[in-house]
Amino acid sequence: NCTIAGNSANGTYSIGAGMYFQSSYPTLTTCTITGNSATGGYGDGGGLYCASSDATLTGCTITGNVVANHGGGICCGESSPTLTDCAIARNTAGTSGGGVDCEYSDPTFTDCVVVGNRAGSGDGGGLNFDSSNPTLSRCTIMGNSIMGSFGDGGGVCFSSSNATLTDCTITRNATGV
């Protein structure tokens, strides 16, 4: 039941403004991660940044976070996060993965809502998976967008990834907004 809010990372390596996990196995339950920004330098992972970490999030809200590059809400590299019953909403990334951006990762999303996230000139307004193996079950991905004229997957982009989706709703997402 923690709140991580209003933090910033604006130096050369501005990653993980709200929380940064390196080779860790954290568990967050009913936490709110909101209003964090990583806008300088690399600018990845406004709310959370997971590097070689397997975070478990249950009943969490990740909202209103902003980054210069990847993963407005969450950015993962070589990680296997598990999100259950989480809301990822109204996050913004200057490049890819407005809500979540994963590279070389195996994330699992169950009963999650990904809504109203925005990516700039890259891919995945809501979710972006590059060289990853995501599993999504009973998730709703709605009203996400890519703001630039380039980029793929207003809701979700899978690039060189093997995805498993079960009973998901992906609707009213847009590119080139």
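Keep in mind the model is a prediction, meaning the values are calculated, not measured.

Colleague: So what's going on with unusual backbone geometry? Which residues, and what values?
Modeller: Positioned with a positive phi, aspartate 111 is a non-glycine residue whose angle comes to about 55°. In this fold, aspartate 111 is placed in the loop between β15 (108-110) and β16 (113-115). A relative accessible area of 32% places aspartate 111 in the partly exposed class. For serine 131, which is not a glycine, the phi torsion comes out positive at approximately 50°. When you line up the elements, serine 131 lands in the loop between β18 (127-130) and β19 (135-137). On the basis of relative accessibility, which here comes to 24%, the residue serine 131 falls in the partly exposed class.

Colleague: Can you lay out the packing of aromatic side chains for me, pointing to particular residues and giving the numbers?
Modeller: All chains considered together, the criterion is met by 3 aromatic pairs. On the basis of an interplanar angle of 0° and a centroid distance of 5.4 Å, the ring pair of tyrosine 20 and tyrosine 49 is categorised as stacked. A residue pair is termed long-range when its members are at least 10 positions apart, and tyrosine 20 in strand β2 (residues 19-22) and tyrosine 49 in strand β6 (residues 48-51) qualify at 29 residues. Among the aromatic residues, those joined into a cluster by ring pairs are Phe109, Phe129 and Phe158.

Colleague: How would you explain the sheet that holds strand β17 (residues 118-119) if you had to name every residue and give the values?
Modeller: One open sheet accounts for 5 strands, arranged β5-β9-β13-β17-β21; its pairing is parallel. Of all the strands in the sheet, the pair left with one neighbour each is β5 (37-38) and β21 (145-146).

Colleague: Would you mind going over the environment of cysteine 102 in detail, with residue names and values included?
Modeller: In this fold, cysteine 102 is placed in strand β14 (residues 100-103). Its relative accessible area of 0% is what places cysteine 102 among the buried residues. For the pair cysteine 102 and phenylalanine 129, spaced 27 residues apart in the sequence, the C-alpha separation amounts to 5.0 Å. Ignoring any residue separated from it by four or fewer positions in sequence, one finds cysteine 102 in contact with Cys76, Pro107, Asn128, Phe129, Asp130 and Ser132.

Colleague: An account of the nonpolar core is needed here, citing residue identities and associated values.
Modeller: Ranked by size, the top nonpolar core spans 27 residues in total, and within it Leu57, Leu83, Phe109 and Leu127 carry the most contacts. Residue assignment for this core shows that the elements contributing at least two residues are β6, β10 (74-77), β14 and β18. Other than its neighbours up to four places away in sequence, leucine 57 contacts Leu28, Leu48, Ile62, Thr82, Leu83, Thr84 and Cys86.

Procedures and definitions
Residues numbered from 1 in each chain as written. Predicted model: local features only at pLDDT ≥ 70, side-chain atom pairs only at ≥ 80, totals over all residues. Heavy atoms only, no water. Helix = DSSP H or I, 4+ residues; strand = E, 2+ residues; numbered from the N terminus. Buried < 20%, exposed > 50% of the residue type's maximum accessible area, 1.4 Å probe, protein only. Phe/Tyr/Trp six-rings, centres within 6.5 Å; stacked < 30°, edge-to-face > 60°. Pairing = 2+ DSSP bridges. Contact = heavy atoms within 4.5 Å. Core = buried A, V, L, I, M, F, W, Y, C linked by side-chain atoms within 4.5 Å.

That's the geometry; what it means functionally is another story.
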